[in-house]
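Listed here are the chains, written in short residue letters.
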Amino acid sequence: MTPENRSAYWKANIRLLSLLLIIWFIVSYGFSILLVEPLNQFHLGGYPLGFWFAQQGSIYVFLILIFTYAFGMNRLDQKFDVEE
């Protein structure tokens, strides 16, 4: 792998990771703490939406982000020909 490819691979990896961490922060901190009162006006499964995000929604989103990262990294590995 050339130094240019290594740098591009690392940059793409950091870009994907940064995007997923931003999404995780927005859901876990923004929806569960900062926007809890406006979200509590809506209900999901009989519970206020802000409470749902704080208790379960952020966990579901975290699991989705894990699978998204694995899928994205597999695609990056194939693109840069470094798959196992």
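These numbers were taken from a predicted model, which means no experiment stands behind them.

1. Thoughts on the overall build of the protein chain
Secondary structure assignment for the protein chain yields 3 helices and 2 strands. A compact globule built from 84 residues would reach a C-alpha radius of gyration of about 12 Å, whereas the protein chain, at 17 Å, exceeds it by more than 25%. Its C-alpha atoms put the protein chain at 55 × 20 × 15 Å along the principal axes. Burial analysis of the protein chain (84 residues in total) assigns 27% to the buried set. Accessible surface for the protein chain amounts to roughly 6,400 Å². Of this, 66% is attributable to carbon and sulfur atoms. The average position of the 5 basic charges and that of the 6 acidic charges among the side chains of the protein chain differ by 8 Å.

2. Section: the side chain of Asp-77
With respect to the helices and strands, Asp-77 occurs in helix 3 (residues 49–79). Although Asp-77 is buried, it forms no salt bridge, and the closest oppositely charged side chain is Arg-75 at an N-O distance of 11 Å. Aside from chain neighbours lying at most four places away, what touches Asp-77 is Tyr-9, Val-82 and Glu-83.

3. Details of a positive patch on the surface
On the surface, a cluster of positive charge is contributed by Lys-11, Arg-15, Arg-75 and Lys-79. For Arg-75, the location among the structural elements is in helix 3.

4. Here we look at the packing of aromatic side chains
Under the definition given, this model contains 7 aromatic pairs. Ring centres of Phe-25 and Tyr-29 lie 5.2 Å apart, and the angle between their planes is 20°; this geometry places the pair in the stacked category. With Phe-25 and Tyr-29 both in helix 1 (residues 3–34) and 4 residues apart, this pair spans about one turn of that helix.

Cut-offs applied
Residues numbered from 1 in each chain as written. Predicted model: local features only at pLDDT ≥ 70, side-chain atom pairs only at ≥ 80, totals over all residues. Heavy atoms only, no water. Helix = DSSP H or I, 4+ residues; strand = E, 2+ residues; numbered from the N terminus. Rg over C-alpha atoms; globule rule 2.2 N^0.38 Å. Buried < 20%, exposed > 50% of the residue type's maximum accessible area, 1.4 Å probe, protein only. Areas by Shrake-Rupley, 256 points an atom, 1.4 Å probe, with all protein chains shown as cover. Lys, Arg positive; Asp, Glu negative; His and termini not counted. Charge placed at Lys NZ, Arg CZ, Asp CG, Glu CD. Salt bridge = Lys/Arg side-chain N within 4 Å of Asp/Glu carboxyl O. Contact = heavy atoms within 4.5 Å. Patch = residues over 30% accessible without salt bridge, like charges linked within 9 Å, V, L, I, M, F, W, Y side chains within 5 Å. Phe/Tyr/Trp six-rings, centres within 6.5 Å; stacked < 30°, edge-to-face > 60°.

In short, shape yes, function no, at least from these values alone.
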